[in-house]
Amino acid sequence: MTSLVRITAENQQNYLGKILEIETLSFQTPWSAGAFIQEINNPIGRLCAATVNGKPVGFVCYWIPDFEVSLLDLAVHPEERGKGIGRFLLNHVVEEAALRRVEAVWLEVRVSNAGAIGLYGKFGFEKTGVRRKYYDDTQEDAVVMCLHLPESSRNTLRVSASS
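Note that residues are indexed from 1 along each chain, following the sequence as it is written. In keeping with the model being predicted, local features are shown solely for residues with a pLDDT of at least 70 and side-chain atom pairs are shown and tallied solely at 80 or more, while totals for entire chains, interfaces and linings include all residues. Only hydrogens and water are removed before side-chain values are computed, so all heavy atoms of the structure are retained for them.

Sorry if this is basic, but what is going on with the sheet that holds strand β6 (residues 126–131) here?
Two strands in a sheet stick together by hydrogen bonds in their backbones, pointing the same way (parallel) or opposite ways (antiparallel). What the seven strands build is an open sheet, ordered β1-β2-β3-β4-β5-β7-β6; its pairing is mixed. At either end of the open sheet lies a strand with only one pairing partner, and these are β1 (2–6) and β6. Here the average twist between neighbouring strands, direction ignored, is 30°. What makes two strands pair is DSSP finding at least two bridges between them. Counting from the N terminus, the helices are the DSSP runs of H or I reaching at least four residues and the strands are the DSSP runs of E reaching at least two. Where strand β5 (residues 104–110) and strand β7 (residues 142–148) come together, seven bridges link them in antiparallel fashion. By the bridge assignment for β7, V105 is matched with L147. For this analysis, residues touch if any pair of their heavy atoms sits within 4.5 Å. In this analysis an axis means a line fitted to C-alpha atoms, helices contributing only their contacting stretch, and an angle means the value between N-to-C directions, from 0 to 180 degrees. Together, β1, β2 (45–52), β3 (55–63) and β4 (68–76) form the strand contacts of helix α1 (residues 12–26), whose direction differs from that of β3 by roughly 80°. Across the face of the sheet, helix α3 (residues 85–99) comes into contact with β1, β2, β3, β4, β5 and β7 while running at roughly 165° to β4.

Would you mind going over the pattern of salt bridges with me for this structure?
When the charged atoms of two side chains with opposite charge come close together, those side chains can pair. By convention in these notes, a salt bridge is any Lys or Arg side-chain nitrogen within 4 Å of a carboxyl oxygen on Asp or Glu. The full count for this structure, using the stated rule, is eight salt bridges. With a closest N to O distance of 2.8 Å, E96 and R100 form a salt bridge. You can call R100 partly exposed: its relative accessible area is 44%. The network of salt bridges with shared partners includes R46, E96 and R100. Under the scheme applied here, a residue whose accessible area is under 20% of the maximum for its type counts as buried, over 50% as exposed, and between as partly exposed, the area being computed with a 1.4 Å probe on protein chains only.

Take a look at the structure:
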């Protein structure tokens, strides 16, 4: 069974090592431990891990400043991909956004990351623009995507994790 754990200063020692492993396996230029600790301590930041039998298999990092959410980082361990973990994590972010009456969820994703773009599209994210040469490591463009949450559904929106 998949569970969600919010990573805090109090429990980070139990999860941060595995999150760093997943990050390193997932990205060419992974975040450092310091970057994750900064987000754990950031008052608008959230770092959550998806766990299976207590073992972290994926994570999501995002900000909730005021009336929007900025999705910063989402990754699933390569051995756990295709099992709905990414959907589970993204569903959590969208549900929290709706419960907090947020207007929109924003993200940037590499133009080459077709799997992520497809997942975001299934959740209703729309491509709104391109940031040219956004990624310093490869000069790759980023697709800007947004999910607008209608006011009428901000407290009732539920996205099926099985879709």
